[in-house]
Amino acid sequence: MVAIIDIGSNTIRLCVYEISADGDIRQMFKMKDVVGLAGHIDKKNLLTQDGIKETCASLTKFREALAGMDISETHTFATASLRNILNTAQVVEAVKRATGYDVTVISGEEEAICDFMGATNRTPITDGLLVDIGGGSTELVLCKNGKLEQAASVAIGSLNMFSRHVSRVLPSRAQTERIRADAADKLTAAFKSKPISAICGVGGSMRALYKLNNSVFNEPPENRIVSAKNAKKLLGLIETDTHMMVGKILNICPERIHTITPGFIILGAIIRKYGCKTIIVSESGVREGYLIRNVLRRDIGKPGTPVALVSRNGKGGGGGS
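Residues numbered from 1 in each chain as written. Predicted model: local features only at pLDDT ≥ 70, side-chain atom pairs only at ≥ 80, totals over all residues. Heavy atoms only, no water.

Draft legend 1. Structural context of the packing of aromatic side chains. Under the defined criterion, the tally for this structure stands at two aromatic pairs. Considering the side-chain rings of Phe-77 and Tyr-290, the 4.4 Å spacing of their centres and the 15 degrees angle between planes classify their relative orientation as stacked. Remark: Tyr-290 occurs in helix α11 (residues 286-295) and Phe-77 occurs in strand β4 (residues 73-78); sequence separation between them is 213 residues. Each member of the pair, Phe-77 together with Tyr-290, is buried. Ring geometry for Phe-191 against Tyr-274: centres 5.6 Å apart, planes inclined by 45 degrees, an arrangement best described as tilted. Of this pair, Phe-191 sits in the loop between α6 (173-187) and β9 (198-202) while Tyr-274 sits in helix α10 (residues 260-274), and the two are 83 residues apart along the sequence. (Phe/Tyr/Trp six-rings, centres within 6.5 Å; stacked < 30°, edge-to-face > 60°. Helix = DSSP H or I, 4+ residues; strand = E, 2+ residues; numbered from the N terminus. Buried < 20%, exposed > 50% of the residue type's maximum accessible area, 1.4 Å probe, protein only.)

Draft legend 2. Up close: the environment of Ile-133. With respect to the helices and strands, the residue Ile-133 is situated in strand β6 (residues 128-133). The spacing of Ile-133 and Met-206 is 73 residues in sequence and 7.4 Å in space, taken between C-alpha atoms. Excluding residues that lie within four positions of it along the chain, Ile-133 makes contacts with Thr-138, Ser-158, Val-202, Ser-205, Met-206, Gly-263, Ile-266, Leu-267 and Ile-270. (Contact = heavy atoms within 4.5 Å.)

Draft legend 3. Spotlight on unusual backbone geometry. Even without glycine at this site, Asn-45 takes up a positive phi of about 65 degrees. Mapped onto the secondary structure, Asn-45 falls in the loop between β3 (25-34) and α1 (49-66). With relative accessibility at 29%, the residue Asn-45 sits in the partly exposed group. Here the phi dihedral of Asn-145 falls at roughly 55 degrees; this positive angle occurs in a residue that is not glycine. Among the structural elements, Asn-145 can be located in the loop between β7 (138-144) and β8 (147-154). By relative accessible area, Asn-145 is classed as exposed at 65%.

Encoded structure:
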């Protein structure tokens, strides 16, 4: 069995996978800590000592959980949580000293590719837009004829938007408008496209979306399809029927009570930019993609599949989850 640890801007997650002889992947165990590393970055864009300590505490807890399992190898990677700070090397070294784990900090391009490979492992995509709204960034992948065409990693995430704009738990109307404007502005750096009907969503914000959709609109729990119209309605309900929606959120995904509104605002900006109508939420994402790409060493697809990453400044890199 192989263990994958994902150090994200909002949560740190451990997943253990069993890999069959024919390469099929089956998740056997999972564990997470909601650390909120994006909230531990100071004004100098450095991860604080408290942030480093919490990261090490989570990884130590994961190591203890893995001690009784038959694990052949463990891989640890970080996204925007460590990629977008100025003391990345120092944090990686501190984690190594405290926990023994070597952390690989992946680029925005690599994260987008892993999102694509993980999602398409379970949810075949012929044409559409893959979206991963993380805590520190949002990854977008344009898929045509089953191939990855373009990818963008944009430095807007549910947690950094919360930290930047919100003073309480839920944003005020004015703060909502500031998040909406910020998201729309930063999305101008992402690739342009003709209208894209379908979104394949991955990550925690998207999982919260389909669960809330099913609860509010009386869909079966296993339903993973959300209309863009319903996504917009959910955001509206958070603003107009706050008491009911807060109860739903606290019941379904309590750890996201402060980040779910910024995440949905980012999703709304993406829907408007690309004219999307339907969201299909995949059960797999960046961790499965990292396993497929970096452990099983499978390629993106057919040789020559074009990959062009556009960052916030148009020069590549950036982003995170």
